[in-house]
Amino acid sequence: MIEAVSCGGIVIFRGKILLLYKNYKNKYDGWVLPKGTVEPGEEYSETALREVWEETDVKAKIVKYIGRSVYSFSVPEDTVEKEVHWYLMSAANYHSKPQREEFFLDSGYYKYNEAWHLLKFANEKQILEQAYGEYQELRRKGKWDGAF
């Protein structure tokens with residue numbers, strides 16, 4: 001078994017969530033949240049911010065840690081056990097630009113219900129539900145500051 005750790009962000013601007021559309025050689029096709037692999041010596045929060053920046057060209061700021069998801073998938077040589085740490089983040093505007101080198105063809109901000117239905121994986125839908133609930137609670141308390 002191969003163990004892998006990634007970190008990512010649920011990035012929100014004016015109530016909308018940042019998503020990426022990936023198409024890898026027509027084998028993988030779907031909408032995802034930005035995330036990526038932890039590099040040696042990197043803190044999880046640093047990885048999350050870096051990956052959001054690299055994959056979407058969005059300079060985000062972390063609001064709070066949301067939690068982790070764990071799942072496994074098969075690759076030709078083995079099974080990968082993946083742990084992803086997620087952060088609720090805010091962005092300064094609606095700008096985003098998908099990272100073509102990673103096979104992202106589109107990116108954008110979507111209303112919660114649209115984002116939930118677009119997301120390909122159940123574990124990302126679940127973390128979106130949790131993060132969006134946190135976002136709504138922070139707004140209700142007047143503690144959401146989306147400005148930089």
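## Let's talk about the overall build of the chain
Check the secondary structure of the chain and you find three helices and seven strands. For the chain, the α and β elements follow one another from N to C terminus as β-β-β-β-α-β-β-β-α-α. A globule of 148 residues ought to have a C-alpha radius of gyration of about 15 Å, and the chain, at 15 Å, matches this closely. Dimensions along the principal axes, computed over C-alpha positions, put the chain at roughly 50 × 30 × 25 Å. Looking at the 148 residues of the chain, the share that counts as buried comes to 44%. Considering only contacts within the chain whose residues lie at least 6 apart along the sequence, 68% involve residues at least 24 apart. Accessible surface for the chain amounts to roughly 8300 Å². Of this, 47% is attributable to carbon and sulfur atoms. When the 21 basic and 23 acidic side-chain charges of the chain are each reduced to a single mean position, those positions are 8 Å apart.

## Notes on the nonpolar core
Ile-10, Ile-12, Ile-17, Leu-19, Leu-33, Trp-86 and Leu-88 are the most contacted members of the largest nonpolar core, which has 20 residues in total. Taken together, the elements giving at least two residues each to this core come down to strand E1 (2–13), strand E2 (16–24), strand E6 (78–91) and helix H3 (122–140). Once residues within four sequence positions are removed from consideration, Leu-19 is found in contact with Trp-31, Val-32, Leu-33, Asp-106, Ser-107, Gly-108, Tyr-110, Ala-115, Leu-118 and Leu-119. Within the second largest apolar cluster, 12 residues are counted, among which are Val-58, Ala-60, Tyr-87 and Met-89.

## Side note on the pairing of E6
In terms of residue burial, E6 counts as a mostly covered element, since 10 of its 14 residues are buried. In the sheet, strand E5 (residues 60–75) pairs with E6 via 14 bridges, with the strands oriented antiparallel. Across the sheet, Gly-67 pairs through a bridge with Trp-86, a residue of E6. Two successive antiparallel strands, E5 and E6, enclose a turn made up of two residues.

## Details of helix H1 (residues 44–56)
Between its first and last C-alpha, H1 extends 18 Å over 13 residues, near the 18 Å set by a 1.5 Å rise per residue. Regarding H1, the residues found buried are Thr-47, Ala-48, Arg-50, Glu-51, Val-52, Glu-55 and Thr-56. As for H1, its buried residues are in contact with E1, E2, strand E4 (35–37), E5, E6 and strand E7 (104–110). Looking one or two places after H1, you find Asp-57, whose phi comes out positive at around 65 degrees.

## Brief notes about the pattern of salt bridges
With the rule as written, the count across this model stands at nine salt bridges. Put simply, Glu-39 and Arg-50 hold a salt bridge, and the shortest N to O gap is 3.6 Å. Placement of the pair is Glu-39 in the loop between E4 and H1 and Arg-50 in helix H1, with a sequence separation of 11 residues. Accessibility expressed as a relative area gives 15% for Arg-50, which makes it buried. With its nearest N and O atoms 2.7 Å apart, the salt bridge here joins Glu-42 to Arg-50. Arg-50 shares its class with Glu-42; the two are buried. Salt bridges here are not isolated pairs; linked through shared partners, they connect Glu-39, Glu-42, Arg-50, Glu-51 and Glu-54.

## Describing unusual backbone geometry
Despite not being glycine, Arg-14 shows a phi value in the positive range, around 50 degrees. Take Arg-14: it is sitting in the loop between E1 and E2. Judged by relative accessible area, which is 67%, Arg-14 ranks as exposed. Of note in this structure, Phe-103 is not a glycine but carries a positive phi near 70 degrees. Following the sequence through the fold, Phe-103 ends up in the loop between E6 and E7. For Phe-103, a relative accessible area of 32% gives the class partly exposed.

Criteria and cut-off values
- Residues numbered from 1 in each chain as written.
- Predicted model: local features only at pLDDT ≥ 70, side-chain atom pairs only at ≥ 80, totals over all residues.
- Heavy atoms only, no water.
- Helix = DSSP H or I, 4+ residues; strand = E, 2+ residues; numbered from the N terminus.
- Rg over C-alpha atoms; globule rule 2.2 N^0.38 Å.
- Buried < 20%, exposed > 50% of the residue type's maximum accessible area, 1.4 Å probe, protein only.
- Contact = heavy atoms within 4.5 Å.
- Areas by Shrake-Rupley, 256 points an atom, 1.4 Å probe, with all protein chains shown as cover.
- Lys, Arg positive; Asp, Glu negative; His and termini not counted.
- Charge placed at Lys NZ, Arg CZ, Asp CG, Glu CD.
- Core = buried A, V, L, I, M, F, W, Y, C linked by side-chain atoms within 4.5 Å.
- Pairing = 2+ DSSP bridges.
- Expected span 1.5 Å × (residues − 1).
- Salt bridge = Lys/Arg side-chain N within 4 Å of Asp/Glu carboxyl O.

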